[in-house]
Amino acid sequence: MTLDKILAIAGKPGLFQLKIQTRTGFVAESLIDGKKITVGLKSNVSLLSEISVYTYTEEKPLTDIMRTIAIKEDNGPAISHKEENSKLIDYFLEVLPDYDQDRVYPSDIKKILNWYNMLQAKGLVSKEEQKKEEDNLNIEKNQVASEKVDKPAKKTKSK
């Protein structure tokens, strides 16, 4: 599962997929209705891959939480974000037992579950870890490192 190009735009309902960057901003496509919009640089935009949730020990990336929900639901939909707050809190405690209840509000849980269900409906969440991309990145890093070692040092002229 990759959330690298999935955006939440302040003031716009739903989630968007980044399509093209322009000089003045970018073009994004709505995951709800497929309409494309132009977003300026002054808009408040969040990449889902950069969002984390507070726990008592650390900040947990949203990608990990989405994967945990996918595992719990066997890649199916989660409970509706329109449920009562007590049900949402109980559900989220099953997903992330050590989340910081003082800093993560029911409105945050609603947003996460709403996002999960949107992404799940589009087939963008999975209980599988992203091994292929990580392995490719590691291979590329190793190739770059070996190229640096293999290149001979530049000779300097001495007088």
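Cut-offs applied
- Residues numbered from 1 in each chain as written.
- Predicted model: local features only at pLDDT ≥ 70, side-chain atom pairs only at ≥ 80, totals over all residues.
- Heavy atoms only, no water.
- Helix = DSSP H or I, 4+ residues; strand = E, 2+ residues; numbered from the N terminus.
- Buried < 20%, exposed > 50% of the residue type's maximum accessible area, 1.4 Å probe, protein only.
- Contact = heavy atoms within 4.5 Å.
- Areas by Shrake-Rupley, 256 points an atom, 1.4 Å probe, with all protein chains shown as cover.
- pLDDT = per-residue confidence, 0-100.
- Phe/Tyr/Trp six-rings, centres within 6.5 Å; stacked < 30°, edge-to-face > 60°.
- Lys NZ or Arg CZ within 6 Å of the ring centre and 35° of its normal.
- Pairing = 2+ DSSP bridges.
- Axes fitted to C-alpha atoms, helices over the stretch in contact; angles between N-to-C directions.
- Arc of directions from axis to C-beta.

Enquirer: Please clarify how the overall build of the protein should be interpreted in this entry.
Expert: Looking only at helices and strands, one finds four helices and seven strands in the protein. For the protein, the N- to C-terminal ordering of α and β elements is β-β-β-β-β-β-β-α-α-α-α. Counting all 159 residues of the protein, 30% fall into the buried class. The long-range share in the protein, meaning contacts at least 24 apart out of those at least 6 apart in sequence, stands at 56%. As presented, the protein carries roughly 11,000 Å² of accessible surface, and 48% of it is formed by carbon and sulfur atoms.

Enquirer: Got a minute to help me understand the confidence of the model for the protein in this structure?
Expert: Do not read the predicted coordinates in detail wherever pLDDT is low. Of all residues in the protein, 80% have pLDDT values of 70 or greater, and the mean over the chain is 85. This model gives residues 132–152 a pLDDT under 50, and the stretch forms zero contacts once residues within four places in sequence are excluded.

Enquirer: Would you mind showing me how to read the packing of aromatic side chains here?
Expert: Ring pairs (aromatic) are described by centroid distance and by the angle formed between their planes. What the rule picks out here adds up to one aromatic pair. Their ring planes at 75 degrees and their centres at 5.0 Å tell us that Phe-92 and Tyr-99 sit as a pair that is edge-to-face. In this structure, Phe-92 and Tyr-99 share a single accessibility class: buried. The aromatic ring of Tyr-54 is capped on one face by Arg-103, whose charged end is 3.7 Å from the ring centroid.

Enquirer: Which parts of the structure should I look at to understand the sheet that holds strand β1 (residues 6–9)?
Expert: Backbone-to-backbone hydrogen bonds pair the strands of a sheet. The strands run either parallel or antiparallel. As summarised here, the arrangement of the five strands in space is β4-β3-β2-β1-β5, forming an open sheet in which the pairing is antiparallel. Edge positions in the sheet fall to β4 (36–40) and β5 (45–47), since each of these pairs with one other strand and no more. When strand polarity is set aside, the average angle formed by the axes of neighbouring strands in this sheet is 45 degrees. With three bridges joining them, β1 and β5 adopt antiparallel strand pairing. Looking at the pairing, Ala-8 lines up with Ser-46 of β5.

Enquirer: Could you clarify how one ought to interpret helix α2 (residues 85–95) in this entry?
Expert: Each turn of an α-helix holds 3.6 residues, which means side chains three or four residues apart point in the same direction. Three or more residues of α2 are buried, namely Leu-88, Tyr-91, Phe-92 and Val-95. Considered in projection along α2, the buried side chains sweep an arc of 95 degrees and stay on one side of the axis.

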